[in-house]
Amino acid sequence: MQLMSRFSTSSPAWKQITVTFIEPDGSEVEATGEEGTNLMELAHENDVDLEGACEGACACSTCHVILEDEIFDNLPEPTDEENDMLDLAFGLTDTSRLGCQVLLTPEMEGMRIKLPSATRNFYVDGAKPAHH
């Protein structure tokens, strides 16, 4: 019986991480998600207006976010594909990343994530992100 208890089919206990999204109008949305969740998914789960037109395929720039220097500096370098999409982003900054490519880590606890004032798609069709 003891041997069986060593082998669990339950998923590992992921750490919950809370961050704050700062919307273009200055309003703030606190969001909590599991370690490993990307920022775009976290935004959608919490009704944050972060578009994500390509649904996380790294094929657009509509999930562009602006990170704090300390967090940005500790992330892995963006891929060439992400950099190509960031080149299309509205309001690009030195700490811009695509939300679909940034995964929550414990070091991000309390992080503040700024959303740009516009995206390339968002104001063309007026679409709002939907829960998946």
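Residues numbered from 1 in each chain as written. Predicted model: local features only at pLDDT ≥ 70, side-chain atom pairs only at ≥ 80, totals over all residues. Heavy atoms only, no water.

Engineer: Help me understand the pattern of salt bridges, please; the structure alone is not making it clear to me.
Structural biologist: Side-chain pairing between opposite charges can occur once the charged atoms of the two side chains come close. A full pass over the atoms with the stated rule returns 2 salt bridges. Note that Arg 112 and Glu 28 form a salt bridge whose closest N and O atoms lie 2.6 Å from each other. With Arg 112 in strand 5 (residues 112–114) and Glu 28 in strand 2 (residues 28–34), the pair connects residues that are 84 residues apart, well separated along the chain. Of the charged contacts, one joins Glu 82 and Arg 97 as a salt bridge, the two residues approaching to 2.8 Å between their closest N and O atoms. Linking Glu 82 in helix 4 (residues 80–86) with Arg 97 in strand 4 (residues 96–98), this pair joins segments that are 15 residues apart in sequence. Accessibility expressed as a relative area gives 1% for Glu 82, which makes it buried. (Salt bridge = Lys/Arg side-chain N within 4 Å of Asp/Glu carboxyl O. Helix = DSSP H or I, 4+ residues; strand = E, 2+ residues; numbered from the N terminus. Buried < 20%, exposed > 50% of the residue type's maximum accessible area, 1.4 Å probe, protein only.)

Engineer: What's the story with the side chain of Arg 97 in this structure? I'm lost.
Structural biologist: The exposure class assigned to Arg 97 is buried, which follows from its relative accessible area of 5%. Of the polar contacts made by the side chain of Arg 97, one reaches the backbone oxygen of Pro 76; its length is 3.0 Å. Within polar-contact distance, the side chain of Arg 97 engages the side chain of Glu 82 at 2.8 Å. Those residues in contact with Arg 97 that sit more than four places away from it in its chain are Cys 63, His 64, Val 65, Leu 67, Phe 72, Leu 75, Pro 76, Glu 77, Pro 78, Glu 82, Leu 86 and Val 102. (Polar contact = N/O pair within 3.5 Å; in protein donor to acceptor, adjacent residues only side chain to side chain. Contact = heavy atoms within 4.5 Å.)

Engineer: Looking at this model, I keep getting lost on the nonpolar core. Mind explaining?
Structural biologist: Soluble, globular proteins show a tendency: their nonpolar side chains are buried together. Counting residues in each nonpolar core, the largest one holds 27 residues, and the members touching the most others are Val 19, Phe 21, Leu 39, Leu 67, Met 108, Met 111 and Ile 113. Contributions of two or more residues to this core are made by strand 1 (16–22), strand 2, helix 2 (39–45) and helix 4. No other element matches helix 2, which puts 4 residues into this core. (Core = buried A, V, L, I, M, F, W, Y, C linked by side-chain atoms within 4.5 Å.)

Engineer: In this structure, what is going on with the environment of Ala 118? I would like to understand it.
Structural biologist: Relative to the elements of secondary structure, Ala 118 occurs in the loop between strand 5 and helix 5 (122–125). Residue Ala 118 is classed as buried on the basis of its relative accessible area of 15%.

Engineer: Looking at this structure, how should I read a negative patch on the surface?
Structural biologist: On the surface, Glu 68, Asp 69, Glu 70, Asp 73 and Asp 94 cluster together into a patch of negative charge. Note on placement: Glu 70 falls in helix 3 (residues 69–74). Judged by relative accessible area, Glu 70 falls into the exposed class, the value being 62%. (Patch = residues over 30% accessible without salt bridge, like charges linked within 9 Å, V, L, I, M, F, W, Y side chains within 5 Å. Areas by Shrake-Rupley, 256 points an atom, 1.4 Å probe, with all protein chains shown as cover. Lys, Arg positive; Asp, Glu negative; His and termini not counted. Charge placed at Lys NZ, Arg CZ, Asp CG, Glu CD.)

Engineer: Looking at this model, I keep getting lost on unusual backbone geometry. Mind explaining?
Structural biologist: Among all residues save glycine, negative phi is the norm, and among peptide bonds the norm is trans. The phi angle at Glu 55 is positive, at roughly 60°, despite the residue not being glycine. Following the sequence through the fold, Glu 55 ends up in the loop between helix 2 and strand 3 (64–66). The exposure class assigned to Glu 55 is exposed, which follows from its relative accessible area of 57%. Positive phi is not limited to glycine here, since Cys 58 has a value of about 60°. Within the secondary structure, Cys 58 is located in the loop between helix 2 and strand 3.

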